[in-house]
Structures are given as structure tokens and as C-alpha cells.
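Each chain, letter by letter, is given below.
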Amino acid sequence: MSAQKKYIPYVVIGVFLVIFMYYAWASAVDYSQDQSTMMQSYGFATYWLSANLNKDDIAILPSADVFWAIDPNLVNRTESYKTVWNSSNIILRANTTESEILKVREDLRNTIHNDKRIKYLVFDWNDPRAVNLFEDKRCESLDIVLKEVKRFSFITPINQWKNRIIICEVQNKTK
Amino acid sequence: MTPIANTLNPLSPTKQLDLIFILSLGYIVFLTRSLFLQNYGETMINYDSYTYFYTAVSSVQNHNFSLSPFILFLAGLYNLAGLYNLAGLYNLSGSYSSSDLTDVIQFVRYASIISSIHLIVFFYLIARKMFKHVISFMGTLLASFTTLFVIYSVNLHNDVFALSFGFTALYFSIMPRRILRVVLSGICIVIAGLTRPDTYVIFIVPFVIGLSYYIKQKINKNFYLLAGILLIVLIIIPFIALQSYYLTVTRFNPIEKITLFLTYDNIKLVWEKSVQVTQDDTVDKLFLSGIVIGMSFLVYNIMRRRQLLRQLNYKFSQPYIVAIYLILVFFLNILNLTTYHIPYSIVNDTIVMSNKITLRYLIGSQILLVYGFTYALSLLTKPSYYYLRDKPMETKEK
């Protein structure tokens, strides 16, 4: 085999490699930009809570680890929805029934009314423990004392997927 | 070469070339990941990544010891960020504020690229057992650019970390003759397993074969008997030990899950997602065609030589051992993904599969598929008559 012919396969492989790397990189960029946009909303929500949550206030968070990783100072002033479900002795499973969800919802309502420290309830689109409690994705759907005070909406740049994180404030609290 | 020259140049030309390729790959991986992180990956994209980071920070601050090697790894990197800060190499305030912590996360994400380099180095070393330098290098380069691998190299998730140790365990399990290789393989499989239990299940078979091979060399007992006993012991012990873990995450025990979830639809889903290495259909089809052609030739080659049964004995060559290891690992990985990673719900006592899979689970299968594709690439560099006639290329040329 002549020297030139010997190198032709390597050139073919090299060309394929360049094409592959280009498209793989472009896919990675697109995917990352979409997902980053989603996760940035947690950053904005965390900073808002850090600024607005007083020392003795408590907020209930979905996907709490994300908030805590961004600002560990929130750990002492927040609870996760997992705690809420645990306090109702219900584990979220593939076959959790509507009546079980209703029980958790009722328990949470009572907690909001009885615990004067609870100031904010936050819900996202991801944490099923939160999503299941807010039926039509509105603060009032859980309890009339809740009112939306802040919304962090986004549209992903590539897939044009829309969603939001909503912060509900507990109204008419006398401390 | 004179003795003095030997002392000055201890590596053979082959190993020198390997070293050059490994260093190049390491540099390319670091450069591409850094560029990606800097330009497109400012925010971590996975929920679990934040959980891992927060757990690592908590374990450092509260002096808790975590059993997960990945958490220990992150905790080490977190401490490293502190050291850099003390040395003035990194600008943080005394106690980390929220904005400082964002900087720490970025630092840890840069430092965690080391896991990807680790994985790519062992990918290359395994490829070298089957292919020549340039083909191994090109195959590894291709693996390093697979979309999900690029993305998860800079997000603090344990998949790449576990896979890097899984591949290391596999590499040291290739016909080990020294106890050091067996020990290293054992350590790596434990680290991989403690990080992600499913990685243990996937890479345990090559480890058992390697260990059985080593013991067989030493005490001359039946290889299959040894492999059978070791496999039973090393699978049953974790199976019993992990019962409590399983009960906390799912209602089904592992055996029950296999019978319920190993369906044609689930296998098809996992396969289709695994071969989607980019968002471009043409490139994906080229990739898939390469794998199919490569595998067809591999089967043809094995059948033509009629050595399959003999290859299954322990006297066969390293390239065949590696090929068998990789095929086993690939199928175990598909089994694992199909059985344990398809989301489901239960409606009226019926299991409803969601027909989707979290993409990051596919990093392993995509990287493993690159070996199949690399085999197809290696065929291109040999004239076709080499496969059609039972003569080595050099003989024909003479």
C-alpha cells in the first residue's frame, strides 16, 4: 500500500471526528443553556429569600438542597416539604393516593395557621412534594391566607419551555 | 541502546507514544471542560449536584464522615478551595458568604474535571489493549466529546466519578498476574460501588473474571468453579446488605424489578436514547451505522476463526478478554438502566411506565458504545481483504 493510500482512512476518520465533535459540542451547549436557565431561577429565588426573610421567619422550600447549597445561611430559617410530608407520616410513592395528599394538605394548612413563624411557602415545578400540594399552581389553591408575592419565570432559549418558581406569603399574621 | 541511554530513556517508544497521547487527552479534556464551564455552564444543571455539594459542605463544617467516596472527594475539593484562599490564590472572605460560596462551587467544579481526565485516561488504556495508538487516541477523543459526558464533567454529579473508578477496575481486571493489580481493581470496584451501587453491579463481572484468573494462576483450581463461587459471594452479600436500602427507595426487591421492568419497550427506549449521542440525526445514524458495521465484523471475525468457545476459556488473548469484558459491561448496563432507572407510577394497581429516562444515566452506555464505533474505525485502517482471507496483512503485501 502506498504511503498516500495508507493515510486516507485516517483522514476519513479525522473528518468524521471533527463533524462529530462539532455536533456533540453544539448539543451539549444547547442542553446546558436550557437547563441553566431553569436552575438560574433557583438562584434568583434564593437571593430574594435571603434578602426578605427575617431572622425569626421560616420559609418552606421545594428542592431545598438547591437553596441551601446556594446560600447555607438559609438552612436555619427554612424547612423542606419533605419535613411536611414526614410530619404527616406519609411517604410519597408511586401509588400515593389522593386522600393521602389531602391529609398532607390539611396538616400543612393547620401548620401555617398555628405556627406564626412561617412567612413564605415556595413551590416549583419539580419537587412532587410541593407540586402535589398546590393543585392549580396558585398560592390560594392551598389556603386563602396565602398570596403570591414573587414569581421567577423563565423560558428556556432552545426548547422554549416555560415555567416558574412562585413565592407565597402568609397573610394577616399577628406576631 | 546503551545502558546510559536506557537510564535516560526508560520508556519504550510505544510507551512514550502512549504517554504523549495520554497527556494530550488529559489536556484536551481539561481545556474543553474549562471552556464549557466558563462559557455555557455557569449554573449547575442538576438538582442532585446541589444536594451533593451541600452534603459535602455540611460534612466538612460539622465534621461528619460520609461513606460516599464522591462526597469525600467533594469535601476534599471544598477544603482545597479554603487552602487556596489562605494562600491568596483564590479570593474569598474569611467565612464563606453566599456570593463566596458561588465562587467555591465554581472552583470545585473546575477541580472536579480531574474525574473526567481519570475516566478518559483509563478509556484510552483499555482501548490500547485492542487497538493501535492512533485509533485508540481517536476513539478516546470521540468518547471525550459525547454530549452527556461533556455536560456532566462540570456538574458535581457522581456518574462520571463512579464510571472513572469502574473503568479503572475493569482495566486492572484484564488478566492480572500481579497481586497489586488485583488489589487496585478491588479498591476501585469498592469505590465505584460505594459511590453508585449500580456501578458495582455493572463492573463486578470483569472483576470476578480477573480475580478468578489470578487465583487460577496461583493455585491451579478450575477457573469456572472459582468464578462461579466468587460471583455468587460478591453479588449475594451486597444483595442482602442492600435490602434495607432498597425498601426505602422502592417497593420492589431487585429480582422482582427485573421480572417487571425488563420489557421490550424499556430495552428499546434505553437503546434508542443510548445511540442519540448528539442532537443531529445524521451524525447519530452515522455513529449507529459504525457500531453495527463494527459489531458485524467482530462477530464475523470470531466465527471465521472458530475460536469463540476457545476464547471463552482463560487462555485467550488480551484483546478478546477486553472485548468480552466490554460487551458484558455494556449488556449489564443496559439491564441495569432498563430495570432500575425507568420512572413509573401505579394507577389502579397497575404499573405505568413513563417511557422516558433521565439522560445522565446514559453516560456509561454511550461511552461504552464508542468502543464499538472505534472498532469500526480500526477496520477502516486495514484493507478489507484482511478480513476476507485468512492471511495477515503483512504476508499479503510480501
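Please refer to the structure higher up on the page.
Described in the following lines is the structure provided in the data block. Residue positions are given per chain, counting from 1 as you read along its sequence in written order. Naming scheme: in the order in which they are written, chains are lettered from A and ligands are numbered from 1. Residues qualify for local features only when their pLDDT is at least 70, as the model is predicted, and side-chain atom pairs are given and counted only at 80 or more; totals for whole chains, interfaces and linings, by contrast, use all residues. Excluded from the side-chain calculations are hydrogens and water; all other atoms, namely the structure's heavy atoms, are used.

Here the focus is helix α2 (residues 13–39) of chain B. In this text, helices come from DSSP runs of H or I with a minimum length of four residues, and strands from runs of E with a minimum of two, each type numbered from the N-terminal end. One less than the residue count of a helix, multiplied by 1.5 Å, gives the span that helix is expected to have. If you check α2 of chain B, its first and last C-alpha atoms are 39 Å apart, about what 27 residues at 1.5 Å a residue would give, namely 39 Å. The rule is simple: take the accessible area with a 1.4 Å probe, protein chains only, and divide by the maximum for that residue type; under 20% is buried, over 50% is exposed, in between is partly exposed. For α2 of chain B, the set of buried residues is Asp18, Phe21, Ile22, Leu25, Gly26, Val29, Thr32, Arg33, Ser34, Phe36 and Leu37 of chain B.

Time to look at the sheet that holds strand β3 (residues 118–123) of chain A. Residue and element names in this part refer to chain A. Reading across the sheet, the five strands line up as β2-β1-β3-β5-β4 and stay open at both edges, with mixed pairing between neighbours. Two strands close off the open sheet at either side, each with one partner strand: β2 (78–80) and β4 (146–155). Each strand of the sheet is rotated relative to its neighbour by a mean of 20°, with strand direction disregarded. Bridge count between β4 and strand β5 (residues 162–170): nine bridges; the pairing is antiparallel. Within β5, the residue paired with Phe154 across the bridge is Asn163. Any two residues whose heavy atoms approach within 4.5 Å are treated as being in contact. For every element, the axis is a line fit to its C-alpha atoms; helices are fit only across the contacting stretch, and the angle between N-to-C directions ranges from 0 to 180 degrees. Contacts from helix α4 (residues 98–114) reach β1 (58–61), β3, β4 and β5, with the element oriented near 145° to β3. Strand pairing is assigned whenever DSSP detects at least two bridges linking the two strands.

Interfaces are frequently sized by the accessible area removed from exposure as the parts join. Of the residues lining the interface, 41 residues belong to chain A; the matching set on chain B comes to 49 residues. Of the roughly 4,200 Å² buried at the junction of chain A and chain B (both faces included), carbon and sulfur atoms supply 72%. A pairing counts as a salt bridge when a side-chain nitrogen of Lys or Arg comes within 4 Å of a carboxyl oxygen of Asp or Glu. Taken together, chain A and chain B are joined by zero salt bridges. A 3.5 Å cut-off defines polar contacts: any pair of N or O atoms within that distance qualifies, except that in protein one atom must be a possible hydrogen donor and the other a possible acceptor, and neighbouring residues in sequence count only when both atoms are side-chain atoms. Between chain A and chain B we count five residue pairs in polar contact (both at pLDDT 80 or more) in total. Among the secondary structure elements, those contributing two or more residues to the side of chain A that touches chain B are α1 (3–52) and α2 (64–70) of chain A. Sorting elements by how many residues they give to the side of chain A that touches chain B places α1 of chain A first, with 26 residues. For this scheme, ten residues count as nonpolar: Ala, Val, Leu, Ile, Met, Phe, Trp, Tyr, Cys and Pro. Four count as charged, namely Asp, Glu, Lys and Arg, and the remainder, Gly too, count as polar. Of the residues in the side of chain A that touches chain B, the class split is 27 nonpolar, 10 polar and four charged. Summed over both partners, the accessible area (1.4 Å probe) lost when two parts come together is defined as the buried area.

Residues Phe20, Tyr42, Leu49 and Phe67 of chain A together with Phe53, Phe167 and Phe287 of chain B are the most contacted members of the largest nonpolar core, which totals 149 residues. Element by element, the count of residues in this core is highest for α1 of chain A, at 16 residues. Among all residues touching Phe53 of chain B, those that are not within four sequence positions of it are Ala69 of chain A together with Leu74, Tyr78, Leu101, Val104, Ile105, Val108 and Leu156 of chain B. Grouped together as the second largest cluster of nonpolar side chains are 23 residues, Ile58, Tyr81, Ile112 and Phe134 of chain A included. We define the nonpolar core as a collection of buried residues of types Ala, Val, Leu, Ile, Met, Phe, Trp, Tyr and Cys that are connected through side-chain atoms lying within 4.5 Å of one another.

By themselves, these observations are geometric and do not establish any function.
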